[in-house]
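Fold and contact review
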Amino acid sequence: MGKIATALIAALVLVVVLIGAAGAGAASLLGLGDSGGTGTVCGTGSATVGTDLGDGEKLNASQLANAQTIYQVGVQLDIPAYGEEIAIATAIQESRLQNLTTAVDHDSLGLFQQRPSAGWGTPAELTDPVYASTKFYQALQQVANWQSLALTVAAQDVQHSAYPDAYAPWQTIAAKLVATFAGTTGTCPTTNAGTSALPAGFSLPPGTPPQIVTTIEYAINQLGKPYIYGGVGPQGYDCSGLVMEAYLAGGVQLPRTSEEQALVGTPVTSAANLEPGDLLFAAGSDGTAQAPGHVGIYIGDGYVIEAPHTGLDIMVDSYPSAWAPQVVAIRRIIN
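First, a word on what this report is: a plain description of the structure on this page. (Residues numbered from 1 in each chain as written. Predicted model: local features only at pLDDT ≥ 70, side-chain atom pairs only at ≥ 80, totals over all residues. Heavy atoms only, no water.)

What follows deals with the overall build of the protein. When helices and strands are counted, the protein shows 11 helices and 6 strands. Within the protein, buried positions represent 47% of all 335 residues. Counting only carbon and sulfur atoms, one obtains 54% of the accessible surface of the protein, whose full area is about 14700 Å². (Helix = DSSP H or I, 4+ residues; strand = E, 2+ residues; numbered from the N terminus. Buried < 20%, exposed > 50% of the residue type's maximum accessible area, 1.4 Å probe, protein only. Areas by Shrake-Rupley, 256 points an atom, 1.4 Å probe, with all protein chains shown as cover.)

Spelled out as structure tokens, the structure:
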């Protein structure tokens, strides 16, 4: 990474430090933490100074700035949001987002506790957050199929920690931080007007197959949990992960991805024939009409449960008003 890119990242980090030090009032003036509009933070993305890391420790301005550096390096390297979540969760576990310049475990240093003796770099390099983040992402990209792995597995494949399960508890706050940083330069989604609450009076129609009842009950119990890229629960899910796990609860094993799930079951050729449990497919941001990148579960009475995308929680959305324009395929898993 060149000196210009490093300088730009440093400037962005300074902005985050200033925002954090000013507190919630300054954040509001800058549009951070509002509920809509350009430059706002969406969904679960509202991490500021004072946010609980999840273990009672509160984020300070320095920790928030270090998380922003990790995120921004990921952006510069075109790392997907899930990779940024892995990196931030790793740094929380390894250093609590503190740039440790004195070794406390063998010769481990910096945000990721990388070791000079293991070839990660010199002590000066490893205590440079930009360099350390870059090395982490480069190592992550060498992990086969890392985007399909659980966060703790992907992190462990990079870190080779003596505590391989230690990264999982930090996934929720890492996703929140990524959504916050993404929101400071982006626009809140307007296509998802859903809610994390089940509509009042909702019930499945008589005769709904028991497997579908269990599947939908499972999905309903996940409402309000965060979208996590590559997530298959229980902390959060991506769209196909939610579908796969919900149907698994109902005793039906489905493939992992929405593209593969779109080939399972039988096609429903008319939306007028929709039944609870039918899968609705949309092209999504990373798919096509022929290979859908997004999926939701129709639960009946004009409602769909979906895990939309990073920054939004699992929600109930309406059909047809929100979904009909996007649908490229409908599949029935159980007849």
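It is worth spelling out unusual backbone geometry at this point. With an omega of 0 degrees, the peptide bond between G233 and P234 qualifies as cis. Relative to the elements of secondary structure, P234 occurs in the loop between α9 (210-220) and α10 (239-249). Phi at D78 is positive, roughly 60 degrees, even though this residue is not glycine. You can see D78 is positioned in the loop between α3 (61-76) and α4 (81-95). Backbone geometry at R96 places phi at a positive 55 degrees, although glycine is not the residue there. Along the chain, R96 turns up in the loop between α4 and α5 (123-126).

On to the side chain of E245. On the secondary structure map, E245 appears in helix α10. It is R256 that comes nearest to the buried, bridge-free E245 among opposite-charge side chains, at 7.1 Å. If sequence neighbours within four positions are ignored, E245 has contacts with Y218, V232 and Y237. (Lys, Arg positive; Asp, Glu negative; His and termini not counted. Salt bridge = Lys/Arg side-chain N within 4 Å of Asp/Glu carboxyl O. Contact = heavy atoms within 4.5 Å.)

Residues L279 and F281 point to one face of strand β2 (residues 279-282) and L280 and A282 to the other, with burial holding for every one of them. Strand direction decides the pairing type here: β2 and strand β3 (residues 294-300), joined by 4 bridges, are antiparallel. Residue pairing for β3: A282 is matched across the bridge by H294. (Pairing = 2+ DSSP bridges.)

In this section: the nonpolar core. General note: in soluble globular proteins, nonpolar side chains tend to be found buried as a group. Ranked by internal contacts, the top residues of the largest apolar core, which has 41 residues, are I70, I86, I88 and L177. When contributions to this core are tallied by element, the ones reaching two or more residues are α3, α4, α6 (129-140), α7 (151-159) and α8 (171-183). It is α4 that contributes the most residues to this core, 7 residues altogether. Sequence-distant contacts of I70, that is, excluding residues within four places in its chain, are made with A87, I88, A91, L97, L111, F112, S133 and Y137. Counting residues in each nonpolar core, the second largest holds 26 residues, with Y227, L254, I314 and V316 among its members. (Core = buried A, V, L, I, M, F, W, Y, C linked by side-chain atoms within 4.5 Å.)

Residue pairs three or four apart in sequence face the same way in an α-helix, which turns once every 3.6 residues. With 16 residues, α3 extends 22 Å between its outermost C-alpha atoms, agreeing within 8% with the 22 Å of an ideal straight helix rising 1.5 Å per residue. Among the 16 residues of α3, 12 are classified as buried, and the element is accordingly described as predominantly covered. When α3 is considered as a whole, its buried residues turn out to be Q63, L64, A65, N66, A67, Q68, T69, I70, Y71, Q72, V73 and G74. Residue N60 occupies the N-cap position of α3, its side-chain oxygen lying 3.1 Å from the main-chain nitrogen of S62. Downstream of α3 by a residue or two, D78 has a phi angle that is positive, lying close to 60 degrees. (Expected span 1.5 Å × (residues − 1). Polar contact = N/O pair within 3.5 Å; in protein donor to acceptor, adjacent residues only side chain to side chain.)

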